[in-house]
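Here's the letter readout for the chains.
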Amino acid sequence: MKQLLPDWITKETQTFFSWLTGKIQAYPGLRKTEIEKCTLIYGNFSFEQQGKMQEPNLYGVFRKTDDTLYEVNALLYHIAGISTVFSFPGKDDIQRKLECKVSAKGRIIIKNFWDELVISCGYTVKDLIPVIDREQILTAAEKYQKRGKRSLDIVYVPYFTFTSQKHLFSDAEFLQYLNYEDSYVDKTAWEWIKKDLPQISQKRIYYGCVREEMRRMESNMCKTGRIQGTQKIA
(Lines give C-alpha, C1' and ligand atoms only; values in the text may rest on other atoms or scores of the structure.)
Protein backbone atom coordinates (compact mmCIF):
# COMPACT_ATOMS: atom_id res chain seq x y z
CA MET A 1 0.00 0.00 0.00
CA LYS A 2 1.42 3.38 -1.03
CA GLN A 3 2.15 5.74 1.84
CA LEU A 4 0.17 8.98 1.71
CA LEU A 5 2.36 12.06 1.72
CA PRO A 6 1.47 15.40 3.34
CA ASP A 7 -0.20 18.02 1.12
CA TRP A 8 2.85 20.32 1.22
CA ILE A 9 4.82 17.80 -0.84
CA THR A 10 3.88 18.98 -4.33
CA LYS A 11 5.54 19.08 -7.74
CA GLU A 12 7.26 22.32 -6.69
CA THR A 13 8.65 20.83 -3.44
CA GLN A 14 9.50 17.34 -4.70
CA THR A 15 13.21 18.13 -5.12
CA PHE A 16 13.37 19.64 -1.63
CA PHE A 17 11.62 16.56 -0.20
CA SER A 18 14.01 14.25 -2.06
CA TRP A 19 16.92 16.13 -0.47
CA LEU A 20 15.36 15.82 2.99
CA THR A 21 14.91 12.08 2.56
CA GLY A 22 18.44 11.55 1.23
CA LYS A 23 17.57 10.73 -2.37
CA ILE A 24 19.70 13.65 -3.55
CA GLN A 25 22.77 14.96 -1.77
CA ALA A 26 22.51 18.76 -2.06
CA TYR A 27 19.97 21.55 -2.24
CA PRO A 28 20.95 25.14 -3.17
CA GLY A 29 21.06 27.54 -0.23
CA LEU A 30 20.42 24.90 2.44
CA ARG A 31 22.30 22.44 4.60
CA LYS A 32 21.01 19.89 7.07
CA THR A 33 21.95 18.03 10.21
CA GLU A 34 20.41 14.73 11.27
CA ILE A 35 19.46 14.34 14.94
CA GLU A 36 17.88 10.93 15.40
CA LYS A 37 14.36 11.11 13.88
CA CYS A 38 14.66 14.78 12.94
CA THR A 39 16.47 16.78 10.29
CA LEU A 40 17.49 20.32 11.17
CA ILE A 41 17.43 22.58 8.12
CA TYR A 42 19.88 25.47 8.01
CA GLY A 43 20.44 28.38 5.68
CA ASN A 44 23.38 30.80 5.45
CA PHE A 45 25.60 28.19 7.05
CA SER A 46 28.35 29.26 9.45
CA PHE A 47 30.50 32.04 8.06
CA GLU A 48 33.25 34.19 9.51
CA GLN A 49 32.57 37.86 10.21
CA GLN A 50 35.03 40.20 11.91
CA GLY A 51 37.11 37.25 12.99
CA LYS A 52 34.20 35.40 14.66
CA MET A 53 32.39 32.32 13.42
CA GLN A 54 28.64 33.03 13.17
CA GLU A 55 26.00 30.52 14.16
CA PRO A 56 23.96 28.95 11.34
CA ASN A 57 20.37 30.10 10.96
CA LEU A 58 17.76 27.42 11.58
CA TYR A 59 15.11 27.53 8.83
CA GLY A 60 13.00 24.58 9.95
CA VAL A 61 12.83 21.07 11.39
CA PHE A 62 11.72 17.99 9.47
CA ARG A 63 10.47 14.92 11.36
CA LYS A 64 11.10 11.83 9.27
CA THR A 65 8.56 9.59 11.02
CA ASP A 66 5.58 11.56 9.68
CA ASP A 67 7.15 13.82 6.99
CA THR A 68 6.11 16.90 8.98
CA LEU A 69 7.84 20.27 8.99
CA TYR A 70 8.09 22.41 12.13
CA GLU A 71 9.32 25.94 12.88
CA VAL A 72 9.36 26.86 9.18
CA ASN A 73 10.49 30.43 8.53
CA ALA A 74 9.64 32.64 5.56
CA LEU A 75 12.97 32.05 3.80
CA LEU A 76 12.45 28.29 3.75
CA TYR A 77 9.06 28.77 2.10
CA HIS A 78 10.81 30.73 -0.64
CA ILE A 79 13.88 28.52 -1.08
CA ALA A 80 12.00 25.20 -0.98
CA GLY A 81 9.10 26.42 -3.13
CA ILE A 82 6.47 25.76 -0.46
CA SER A 83 3.14 27.47 -1.06
CA THR A 84 2.13 29.98 1.60
CA VAL A 85 -1.30 28.33 1.80
CA PHE A 86 0.38 25.74 4.03
CA SER A 87 1.12 26.44 7.67
CA PHE A 88 3.31 24.39 9.96
CA PRO A 89 3.37 23.99 13.75
CA GLY A 90 5.95 26.02 15.60
CA LYS A 91 7.54 25.53 18.96
CA ASP A 92 4.75 27.46 20.72
CA ASP A 93 2.12 25.21 19.08
CA ILE A 94 4.01 22.12 20.20
CA GLN A 95 4.29 23.50 23.73
CA ARG A 96 0.50 23.93 24.00
CA LYS A 97 -0.06 20.45 22.57
CA LEU A 98 2.51 19.01 24.95
CA GLU A 99 0.91 20.70 27.98
CA CYS A 100 -2.44 19.11 27.10
CA LYS A 101 -0.85 15.67 26.67
CA VAL A 102 1.14 15.89 29.92
CA SER A 103 -1.99 17.03 31.78
CA ALA A 104 -4.01 14.08 30.45
CA LYS A 105 -1.21 11.63 31.26
CA GLY A 106 -0.83 13.12 34.74
CA ARG A 107 -4.51 12.61 35.50
CA ILE A 108 -4.15 8.94 34.52
CA ILE A 109 -1.15 8.62 36.84
CA ILE A 110 -3.16 10.17 39.70
CA LYS A 111 -6.05 7.81 39.08
CA ASN A 112 -3.96 4.65 38.87
CA PHE A 113 -0.98 5.28 41.16
CA TRP A 114 -2.09 7.78 43.80
CA ASP A 115 -1.56 5.54 46.83
CA GLU A 116 1.87 4.44 45.63
CA LEU A 117 2.89 8.06 45.02
CA VAL A 118 1.79 9.18 48.49
CA ILE A 119 3.84 6.39 50.07
CA SER A 120 6.94 6.69 47.88
CA CYS A 121 7.43 10.45 47.52
CA GLY A 122 8.25 11.05 51.18
CA TYR A 123 5.87 13.94 51.87
CA THR A 124 4.41 14.33 55.38
CA VAL A 125 0.73 14.38 56.31
CA LYS A 126 1.07 18.11 56.93
CA ASP A 127 2.32 18.56 53.35
CA LEU A 128 -0.65 16.72 51.86
CA ILE A 129 -3.62 17.98 53.90
CA PRO A 130 -4.86 21.58 53.55
CA VAL A 131 -5.54 23.83 56.53
CA ILE A 132 -9.29 24.43 56.19
CA ASP A 133 -12.32 24.68 58.48
CA ARG A 134 -16.03 24.02 58.06
CA GLU A 135 -16.87 27.71 57.77
CA GLN A 136 -14.53 28.07 54.84
CA ILE A 137 -16.04 25.02 53.10
CA LEU A 138 -19.61 26.20 53.77
CA THR A 139 -18.85 29.66 52.36
CA ALA A 140 -17.35 28.16 49.20
CA ALA A 141 -20.29 25.75 48.75
CA GLU A 142 -22.82 28.59 49.10
CA LYS A 143 -20.86 30.71 46.62
CA TYR A 144 -20.90 27.94 44.00
CA GLN A 145 -24.58 27.24 44.62
CA LYS A 146 -25.48 30.91 44.06
CA ARG A 147 -23.62 30.75 40.76
CA GLY A 148 -25.88 27.88 39.68
CA LYS A 149 -23.31 25.13 40.20
CA ARG A 150 -24.21 21.65 41.40
CA SER A 151 -22.09 19.23 43.40
CA LEU A 152 -21.33 17.25 40.22
CA ASP A 153 -19.74 20.37 38.74
CA ILE A 154 -17.14 20.64 41.51
CA VAL A 155 -14.29 18.53 40.22
CA TYR A 156 -10.61 19.43 40.58
CA VAL A 157 -8.76 18.82 37.34
CA PRO A 158 -4.99 19.41 37.62
CA TYR A 159 -3.40 20.97 34.55
CA PHE A 160 0.27 21.15 33.61
CA THR A 161 1.90 24.24 32.13
CA PHE A 162 5.55 25.12 31.80
CA THR A 163 4.72 28.53 33.30
CA SER A 164 3.30 26.96 36.46
CA GLN A 165 6.50 24.93 36.76
CA LYS A 166 8.63 28.05 36.24
CA HIS A 167 10.37 26.17 33.47
CA LEU A 168 11.03 27.12 29.86
CA PHE A 169 10.34 24.68 27.05
CA SER A 170 13.86 24.66 25.65
CA ASP A 171 15.00 23.93 22.10
CA ALA A 172 16.62 20.71 23.34
CA GLU A 173 13.32 19.58 24.88
CA PHE A 174 11.49 20.54 21.69
CA LEU A 175 13.72 18.16 19.73
CA GLN A 176 13.45 15.51 22.43
CA TYR A 177 9.66 15.69 22.13
CA LEU A 178 9.77 15.41 18.33
CA ASN A 179 12.12 12.43 18.52
CA TYR A 180 10.50 10.56 21.40
CA GLU A 181 7.02 11.99 21.85
CA ASP A 182 5.43 9.28 24.02
CA SER A 183 8.37 8.75 26.35
CA TYR A 184 8.91 12.49 26.76
CA VAL A 185 5.25 13.04 27.68
CA ASP A 186 5.39 10.14 30.13
CA LYS A 187 8.61 11.35 31.79
CA THR A 188 7.38 14.94 32.07
CA ALA A 189 4.03 13.87 33.54
CA TRP A 190 5.65 11.72 36.24
CA GLU A 191 8.08 14.50 37.18
CA TRP A 192 5.22 17.01 37.38
CA ILE A 193 2.97 14.84 39.57
CA LYS A 194 5.78 13.93 41.97
CA LYS A 195 6.87 17.56 42.33
CA ASP A 196 3.35 18.99 42.75
CA LEU A 197 1.92 16.13 44.81
CA PRO A 198 1.33 18.28 47.96
CA GLN A 199 -0.46 21.00 46.00
CA ILE A 200 -2.55 18.47 44.07
CA SER A 201 -3.42 16.56 47.26
CA GLN A 202 -4.51 19.70 49.08
CA LYS A 203 -6.71 20.87 46.20
CA ARG A 204 -8.26 17.41 45.80
CA ILE A 205 -9.20 17.39 49.49
CA TYR A 206 -10.45 20.98 49.47
CA TYR A 207 -12.70 20.59 46.43
CA GLY A 208 -13.82 17.17 47.66
CA CYS A 209 -15.00 18.77 50.91
CA VAL A 210 -16.82 21.52 49.00
CA ARG A 211 -18.48 18.92 46.79
CA GLU A 212 -19.65 16.91 49.81
CA GLU A 213 -21.04 20.06 51.46
CA MET A 214 -22.96 20.88 48.30
CA ARG A 215 -24.35 17.34 48.20
CA ARG A 216 -25.55 17.78 51.78
CA MET A 217 -27.20 21.08 50.88
CA GLU A 218 -28.84 19.53 47.80
CA SER A 219 -30.07 16.58 49.88
CA ASN A 220 -31.58 18.95 52.47
CA MET A 221 -33.31 20.92 49.72
CA CYS A 222 -34.82 17.70 48.32
CA LYS A 223 -36.02 16.63 51.78
CA THR A 224 -37.55 20.05 52.40
CA GLY A 225 -39.34 19.88 49.06
CA ARG A 226 -40.75 16.42 49.83
CA ILE A 227 -41.98 17.53 53.25
CA GLN A 228 -43.65 20.58 51.81
CA GLY A 229 -45.22 18.49 49.09
CA THR A 230 -46.90 16.16 51.61
CA GLN A 231 -48.60 18.93 53.61
CA LYS A 232 -52.40 18.82 53.46
CA ILE A 233 -54.23 21.69 51.85
CA ALA A 234 -57.02 23.02 54.10
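Read on for an overview of the structure. (Residues numbered from 1 in each chain as written. Predicted model: local features only at pLDDT ≥ 70, side-chain atom pairs only at ≥ 80, totals over all residues. Heavy atoms only, no water.)

1. Thoughts on the packing of helix α3 (residues 91-120) against helix α7 (residues 181-195)
Between α3 and α7, the least distance of the axes is 8 Å, while the angle of their chain directions is 55°. Comparing their axes, α7 and α3 come out oblique. Where α3 crosses over α7, the two elements pack in a sense that is right-handed. Listed contacts from α7 to Lys97, Leu98, Lys101, Val102, Ser103, Lys105, Gly106, Ile109, Ile110, Phe113 and Leu117 of α3 are Glu181, Tyr184, Val185, Asp186, Thr188, Ala189, Trp190, Trp192, Ile193 and Lys194. Tallied by class, the residues present in the contact of α3 with α7 amount to 12 nonpolar, 3 polar and 6 charged. (Axes fitted to C-alpha atoms, helices over the stretch in contact; angles between N-to-C directions. Helix = DSSP H or I, 4+ residues; strand = E, 2+ residues; numbered from the N terminus. Parallel < 35°, antiparallel > 145°, perpendicular 65-115°, else oblique. Left-handed = near helix turned anticlockwise from the far one by under 90°. Contact = heavy atoms within 4.5 Å. Nonpolar A, V, L, I, M, F, W, Y, C, P; charged D, E, K, R; others polar.)

2. Examining the sheet that holds strand β2 (residues 38-43)
Pairing within the open sheet is antiparallel, and its 4 strands lie in the order β1-β2-β5-β6. Since the sheet does not close on itself, it has two edges, and those belong to β1 (30-35) and β6 (68-70), each with one partner. Ignoring which end each strand starts from, the neighbouring axes of this sheet average 25° apart. Strand direction decides the pairing type here: β2 and strand β5 (residues 57-63), joined by 6 bridges, are antiparallel. Residue pairing in the sheet places Thr39 in a bridge with Phe62 of β5. (Pairing = 2+ DSSP bridges.)

3. Notes on the environment of Ser164
Structurally, the position occupied by Ser164 is in the loop between α5 (134-146) and α6 (171-179). Here Gln165 takes part through its side chain, which lies 3.5 Å from a polar atom of the side chain of Ser164. (Polar contact = N/O pair within 3.5 Å; in protein donor to acceptor, adjacent residues only side chain to side chain.)

4. Side note on the nonpolar core
Core analysis: the largest hydrophobic core is formed by 28 residues, its most contacted members being Leu98 and Ile193. Examining the composition of this core, we find that 7 residues originate from one element, α3, more than from any other. Ignoring anything within four residues of it in the chain, the contact list for Leu98 reads Phe162, Phe169, Tyr177, Tyr184 and Val185. Membership of the second largest hydrophobic core comes to 18 residues, among which are Trp8, Ile9, Phe16 and Tyr27. (Core = buried A, V, L, I, M, F, W, Y, C linked by side-chain atoms within 4.5 Å. Buried < 20%, exposed > 50% of the residue type's maximum accessible area, 1.4 Å probe, protein only.)

5. Some details on the packing of α6 against α7
Contact pair α6 / α7: the axes reach a minimum separation of 5 Å and the direction vectors enclose 125°. By the criterion of interaxial angle, the relationship of α6 to α7 is oblique. In contact with Glu173, Gln176, Tyr177 and Asn179 of α6, α7 contributes Glu181, Tyr184, Val185 and Lys187. Broken down by class, the residue content of the contact of α6 with α7 amounts to 3 nonpolar, 2 polar and 3 charged.

6. With respect to the pattern of salt bridges
Taken as a whole, this structure holds 12 salt bridges when the rule is applied. Here Asp66 makes a salt bridge to Arg63, at a shortest N to O gap of 2.9 Å. On the basis of relative accessible area, Arg63 is assigned to the buried category, the value being 7%. The shortest N-O distance in the salt bridge between Arg96 and Asp93 comes to 2.6 Å. On the criterion of helical spacing, the pair formed by Arg96 and Asp93 is a turn pair, its members being 3 residues apart in helix α3. (Salt bridge = Lys/Arg side-chain N within 4 Å of Asp/Glu carboxyl O.)

7. Some points on the packing of aromatic side chains
Per the counting criterion, the structure on display carries 16 aromatic pairs. Plain terms: the ring middles of Phe160 and Trp192 are 5.7 Å apart, the flat faces sit at 65° to each other, and that makes the pair edge-to-face. Of this pair, Phe160 sits in the loop between α5 and α6 while Trp192 sits in helix α7, placing them 32 residues apart in sequence. Judged by its relative accessible area of 3%, Trp192 falls in the buried class. Taken together through their ring pairs, the aromatic side chains of Trp8, Phe16, Phe17, Trp19, Tyr27, Phe62, Tyr77 and Phe88 make up a single cluster. Between the NZ or CZ atom of Lys32 and the centre of the ring of Trp19, over which it lies, the distance is 5.1 Å. (Phe/Tyr/Trp six-rings, centres within 6.5 Å; stacked < 30°, edge-to-face > 60°. Lys NZ or Arg CZ within 6 Å of the ring centre and 35° of its normal.)

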